[in-house]
Amino acid sequence: MNITTYTAEETKDRLITARVQLLLNNGFFGNLATRLELQEASSWCPTAATDGRHFYYNTEFINSLDDDELIFLMGHEVLHCVYDHMDRRGDRDPRLWNIANDYVVNMDLVENNIGKKITKVQICFDYKYQNWISDEVYDDLFENGDQNQETLDMHLDFGDGDGDDSQGQAPGQADGDDAGGPPEYSEEERNQIREEMKEAIMNAAKGASNKDVPRGVRKMITDLTNPELDWRDLLATNIQSVVKNDYTFMRPARKGIAEHKLCIKTLFL
């Protein structure tokens with residue numbers, strides 16, 4: 001791997017330039033990328049990482065990439081924030097969940113022409129997973145896939161505070177020194193980060209053209225703004241709207257019974 005030597009300031013300038021290019025070429029990605037504070041983290045981060053507030057990077061890894069690959073990497077971290085991959089793992093296998101996330105993120109970046117797909121290291125990419133979400137990719141990998149792949153970046157998994165097993169260290173516990181890794185966040189702080197990102201996603205999408213927003217992100221925004229109710233919940237809601245709450249032991253009128261039957265019947269037409 002050929003690595004160009006840059007000063008620390010030059011390395012940071014290259015990342016800033018990548019963000020500017022994103023702003024010029026894709027406002028959705030660019031606006032979200034500028035929210036992430038650039039932070040050098042070579043002491044614990046082998047490639048790059050994000051916690052929703054910072055873009056952590058390893059200087060040597062950054063210097064191994066060309067300018068277009070840096071744009072791809074920046075977009076990669078942005079999408080981890082957008083899809084809330086740090087908090088959505090649940091009880092899934094950490095390593096396999098992270099691999100599934102990378103397949104989805106890298107597909108979005110290639111489909112939307114964000115920079116240039118990184119080739120200096122092997123990344124998770126397969127057209128088989130086009131239009132899949134992480135949950136579906138995970139299930140497929142669990143049943144049929146190669147579980148020994150490497151992710152492009154270091155995934156900061158805050159699902160239960162045990163970190164990314166594939167990297168060997170939990171957030172904030174590198175070398176046993178709280179200052180040697182990314183900060184640990186309380187559940188309240190993580191919720192705040194998610195809410196901040198959700199608002200930023202909405203604002204970035206409003207200011208961007210439809211073609212600049214990945215298909216998966218558009219669907220996610222639709223689900224957030226117009227959630228679909230389960231038919232059972234919808235039925236219960238409509239029944240409650242037609243049933244009186246001033247109960248009485250008097251015999252109901254025939255006309256009233258007929259009206260209630262008609263209302264319930266219309267729900268299934």
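Computed from a predicted structure; not experimentally measured.

K.L.:
Now, about the pairing of strand β3 (residues 54–57): what can you tell me, with residues and values included?
P.N.:
A two-sided burial pattern is seen for β3, the buried positions comprising His 54 and Tyr 56 on one face and Phe 55 and Tyr 57 on the other. Relative to β3, strand β1 (residues 37–40) runs parallel, the two sharing four bridges. Residue pairing for β3: Glu 40 is matched across the bridge by Tyr 57. Examined bridge by bridge, strand β2 (residues 48–50) and β3 share three bridges and lie antiparallel to one another. The residue of β3 that forms the bridge with Thr 50 is Phe 55. Here β2 hands over to β3 after three residues, with Gly 52 in that stretch at a positive phi of 95°.

K.L.:
For the packing of aromatic side chains, give the residues involved together with the corresponding values.
P.N.:
Inspection of the entire model under this criterion finds eight aromatic pairs. Considering the side-chain rings of Tyr 129 and Trp 132, the 5.0 Å spacing of their centres and the 75° angle between planes classify their relative orientation as edge-to-face. Residue Tyr 129 is classed as buried on the basis of its relative accessible area, which comes to 5%. Using a relative accessible area of 29% as the deciding quantity, one classes Trp 132 as partly exposed. Members of the aromatic cluster, each reached through a chain of ring pairs, are Trp 97, Tyr 138 and Phe 142. One Lys or Arg, Arg 92, reaches over the ring of Tyr 138 and ends 5.8 Å from the middle of that ring.

K.L.:
Talk me through the environment of Tyr 185; I want residue IDs and the actual numbers.
P.N.:
Residue position: Tyr 185 is located in the loop between α6 (134–144) and α7 (187–206). Residues Tyr 185 and Asp 51 lie 134 residues apart in sequence; the distance between their C-alpha atoms is 9.4 Å. Among the polar contacts made by the side chain of Tyr 185, one reaches the side chain of Asp 51 at a distance of 3.0 Å.

What counts and how
- Residues numbered from 1 in each chain as written.
- Predicted model: local features only at pLDDT ≥ 70, side-chain atom pairs only at ≥ 80, totals over all residues.
- Heavy atoms only, no water.
- Buried < 20%, exposed > 50% of the residue type's maximum accessible area, 1.4 Å probe, protein only.
- Helix = DSSP H or I, 4+ residues; strand = E, 2+ residues; numbered from the N terminus.
- Pairing = 2+ DSSP bridges.
- Phe/Tyr/Trp six-rings, centres within 6.5 Å; stacked < 30°, edge-to-face > 60°.
- Lys NZ or Arg CZ within 6 Å of the ring centre and 35° of its normal.
- Polar contact = N/O pair within 3.5 Å; in protein donor to acceptor, adjacent residues only side chain to side chain.

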